[in-house]
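What follows is the residue order along each chain.
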Amino acid sequence: MVTNELAVSTATPLQAARARGRVRGRLILLGPAFVAAVAYVDPGNFATNSAAGARYGYLLVWVVVVANLMAMLVQTLTAKLGLATGRSLPELCRERMPRPVNRVMWVQAELVAMATDLAEVIGGAVALYLLFGIPMLPGGIIIGTASFVVLALRSRGFRAFEIAIAVLLGVIVLAFAANLLAAGSDPGSAMAGLVPRLQGTDSVLLAAGILGATVMPHVIYVHSALTRDRIPAADDVERRTLFCGQRTDVLLALTAAGAVNLAMLLIAAASFRGGGPAGADSLEGVHAGLGQTIGTAAAFGFAIALLVSGLASTSVGTYAGEVIMQGFLRRRVPLLLRRLITLLPALAVLAIGLDPTRALVLSQVILSFGIPFALIPVVAFTRRRDLMGNLVNHPLTTAAASLVAVLVVALNAFLLWQVVTG
């Protein structure tokens, strides 16, 4: 008995986790990527992917698949960064960049967090309007308050928050799975859509929008913090074991998110048959179109998924703001105050009555501006052996990540130019 107690007391955190059993020991390694995956099914994706299916049928299936593969690579590097260094990306930037550069990084990151909250709160408010007829401003307040409840779960430990977000992601998956079954699809046409091809200038712009909006800067900050805070590694062997768990985590979570994005496109392609209802580029238009073509249940499922997406995404966005301020400035802000800081711009937009779809476009422009500040440092840091140790990138990984970074930054710059020039 004494020997067993001594063995337990000297076990590392990873050994203690694995001692819970084969299944529970593996499940404990999963979670951070599911939090990050919510950003890939946020309200901005709903209208974009639905518009792609409504306008071009199955033509842009390959774009959604490529975008998801890019996301998997980026989030894997981000998870590895936090695990290998014990630091979040903002902390590493503060430690290794000159003070003036660090201040600029902090300011743009705060703008990114606010833009994220703008999109998610508006999406949730639109969902409440579609479901219950609640006006936009009160709807935004309800979403902000509800997200605070989700965030409060973090006081009970990282697992409670991760499980809550994973459950919300599961609701989104189920809603779109049901709608896809109801809509039906053409498997042959969907498979043909995996062949890269485009059809005119508008399809190029839409494809660029899907690819360019793939990487969300705020979840790069969050994911690195989540893997930093979980299970400390005792040595290089444990660090490698934990990284294998994080790769599985990313694979599962981003596969779920990618399936949702693909379902959005397939449902629109099957239901709208290349044309779609008037206003199919807006969340309200897609909701109305699904009600007309599939039925009330499909429209209800879309609205529920949108509501859950807004709630989950804004919770993650607020957590990102906390990670950003703590990392760049070494300051902690009370959760309620942090929630109010990021919520006020969204409520202001709702109060003045700005068109929700236009506001979503504006938020994506700000997010596009923040992409290079998050993505380039991740690639630069993960290629350094002095930081990463035995988890340093393979040269081919760095080459692939650099290519993705250049592509995403270029596409976002192109989209930004398109918005500015009209």
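See the structure above.
Treat the numbers as computed from the prediction; the structure is a model and nothing was measured.

Basis of the calculations
- Residues numbered from 1 in each chain as written.
- Predicted model: local features only at pLDDT ≥ 70, side-chain atom pairs only at ≥ 80, totals over all residues.
- Heavy atoms only, no water.
- Helix = DSSP H or I, 4+ residues; strand = E, 2+ residues; numbered from the N terminus.
- Buried < 20%, exposed > 50% of the residue type's maximum accessible area, 1.4 Å probe, protein only.
- Contact = heavy atoms within 4.5 Å.
- Areas by Shrake-Rupley, 256 points an atom, 1.4 Å probe, with all protein chains shown as cover.
- Lys, Arg positive; Asp, Glu negative; His and termini not counted.
- Charge placed at Lys NZ, Arg CZ, Asp CG, Glu CD.
- Salt bridge = Lys/Arg side-chain N within 4 Å of Asp/Glu carboxyl O.
- Core = buried A, V, L, I, M, F, W, Y, C linked by side-chain atoms within 4.5 Å.
- Patch = residues over 30% accessible without salt bridge, like charges linked within 9 Å, V, L, I, M, F, W, Y side chains within 5 Å.
- Phe/Tyr/Trp six-rings, centres within 6.5 Å; stacked < 30°, edge-to-face > 60°.
- Axes fitted to C-alpha atoms, helices over the stretch in contact; angles between N-to-C directions.
- Left-handed = near helix turned anticlockwise from the far one by under 90°.
- Parallel < 35°, antiparallel > 145°, perpendicular 65-115°, else oblique.
- Nonpolar A, V, L, I, M, F, W, Y, C, P; charged D, E, K, R; others polar.
- Expected span 1.5 Å × (residues − 1).

Asks: Before we go on, may I ask you to explain the overall build of the protein chain in this structure?
Replies: Within the protein chain, the secondary structure is distributed over 20 helices and 0 strands. Within the protein chain, buried positions represent 55% of all 422 residues. Put simply, of all contacts in the protein chain between residues at least 6 apart along the chain, 84% involve residues at least 24 apart. Total accessible area on the protein chain stands at roughly 17600 Å², and carbon and sulfur atoms take up 67% of it. Measuring between centres, the 31 positive side-chain charges of the protein chain sit 6 Å from its 20 negative side-chain charges.

Asks: Sorry, what's going on with the pattern of salt bridges here?
Replies: Where charged atoms of side chains with opposite charge meet at close range, the side chains can pair. Considering all chains together, one arrives at 7 salt bridges under this definition. With a shortest N-O distance of 3.0 Å, Arg-228 and Glu-91 are connected by a salt bridge. Placement of Arg-228 in helix α13 (residues 217-228) and of Glu-91 in helix α7 (residues 89-96) is noted, with a sequence separation of 137 residues between them. Of the two residues, Arg-228 and Glu-91, neither departs from the other in class, the shared state being buried. Here Asp-386 ties to Arg-384 by a salt bridge, and the two come within 2.8 Å at their closest N and O atoms. Given the relative accessible area of 29%, Arg-384 is considered partly exposed. A single salt-bridge network, built from bridges that share partners, covers Arg-87, Arg-94 and Glu-95.

Asks: In this structure, what is going on with the nonpolar core? I would like to understand it.
Replies: Burial of nonpolar side chains together is a common tendency in soluble globular proteins. In this structure, Leu-60, Ile-165 and Phe-176 are the most contacted members of the largest nonpolar core, which totals 138 residues. When near neighbours in sequence (up to four residues on either side) are disregarded, Phe-176 contacts Phe-46, Val-260, Ala-263, Met-264, Ile-267, Phe-302 and Ala-305.

Asks: What's the story with a nonpolar patch on the surface in this structure? I'm lost.
Replies: Side chains of Val-65, Leu-69, Met-191 and Leu-194 sit close together on the surface and give an oily, nonpolar patch of about 370 Å² of accessible area. Position of Val-65 relative to the elements: it lies in helix α6 (residues 61-85).

Asks: Is there a simple way to think about the packing of aromatic side chains in this case?
Replies: Where two aromatic rings form a pair, the distance of their centres and the angle of their planes describe that pair. A full pass over the atoms with the stated rule returns 5 aromatic pairs. The interplanar angle of 70 degrees and the centroid separation of 5.5 Å between the aromatic rings of Phe-46 and Phe-302 together place this pair among those described as edge-to-face. Of this pair, Phe-46 sits in helix α5 (residues 43-56) while Phe-302 is found in helix α16 (residues 296-329), placing the two residues 256 residues apart along the sequence. Across the pair, exposure class does not vary: Phe-46 and Phe-302 are buried alike. Within the aromatic cluster, the residues linked to one another by ring pairs are Phe-46, Phe-176 and Phe-302.

Asks: Can you walk me through the packing of helix α8 (residues 99-132) against helix α9 (residues 136-152) in this structure?
Replies: In a packed pair of helices, the relevant descriptors are the angle between the two axes and the axis-to-axis distance. Closest axis-to-axis distance for the α8/α9 pair is 8 Å, and the angle between their directions is 115 degrees. Crossing of α8 against α9: the hand is right-handed. Along the contact surface, α8 presents Val-121, Ile-122, Gly-124, Ala-125, Val-126, Leu-128 and Tyr-129, while α9 presents Met-136, Gly-139, Gly-140, Ile-142 and Ile-143.

Asks: Help me understand helix α15 (residues 283-293) in this model?
Replies: An α-helix turns once every 3.6 residues. As a result, residues three or four positions apart point the same way. Leu-283, Gly-285, Val-286, His-287, Gly-289 and Leu-290 are the residues of α15 that are buried. Directly after α15, the chain includes Gly-295, whose backbone phi takes a positive value near 140 degrees.

Asks: Just checking my understanding: could you explain the packing of α5 against helix α14 (residues 236-272) for this structure?
Replies: Running from N to C, α5 and α14 cross one another at 40 degrees; their axes reach a closest spacing of 7 Å. One way to sum up the angle between α5 and α14 is to call them oblique. Seen along the crossing, α5 lies across α14 with a hand that is right-handed. For the pair α5 and α14, contact is made by Asn-45, Phe-46, Asn-49, Ser-50, Ala-52, Gly-53 and Ala-54 and by Asn-261, Met-264, Leu-265, Ala-268, Ala-269 and Phe-272, respectively. Here the residues of the contact of α5 with α14 sort into 8 nonpolar, 5 polar and no charged.

Asks: Sorry, what's going on with the environment of Val-104 here?
Replies: Mapped onto the elements of the fold, Val-104 is located in helix α8. Assessed through its relative accessible area of 47%, Val-104 is described here as partly exposed. Residues Val-104 and Phe-328 lie 224 residues apart in sequence; the distance between their C-alpha atoms is 9.9 Å.

Asks: Just checking my understanding: could you explain the side chain of Ser-147 for this structure?
Replies: Summarising the element assignment, Ser-147 is placed in helix α9. Ser-147 sits in the buried class, given a relative accessible area of 0%. The residues touching Ser-147, leaving out its near neighbours within four places in the chain, are Leu-311, Thr-314, Ser-315 and Arg-339.

Asks: How do you make sense of α8 when you look at a structure like this?
Replies: End to end, α8 covers 49 Å across 34 residues, agreeing with the expected 50 Å (1.5 Å per residue, within 8%). Backbone geometry just after α8 places Gly-133 at a positive phi near 75 degrees.

Asks: Can you help me understand the environment of Arg-358 in this one?
Replies: Relative to the helices and strands, Arg-358 is located in helix α18 (residues 356-382). Here the alpha-carbon distance between Arg-358 and Ser-282, two residues 76 residues apart in the chain, equals 9.2 Å.

Asks: What's the story with the side chain of Asn-45 in this structure? I'm lost.
Replies: Examined against the element boundaries, Asn-45 turns out to sit in helix α5. Asn-45 gets classed as buried once you look at its relative accessible area, which sits at 18%. Aside from chain neighbours lying at most four places away, what touches Asn-45 is Ala-39, Tyr-40, Ser-50, Asn-261 and Met-264.

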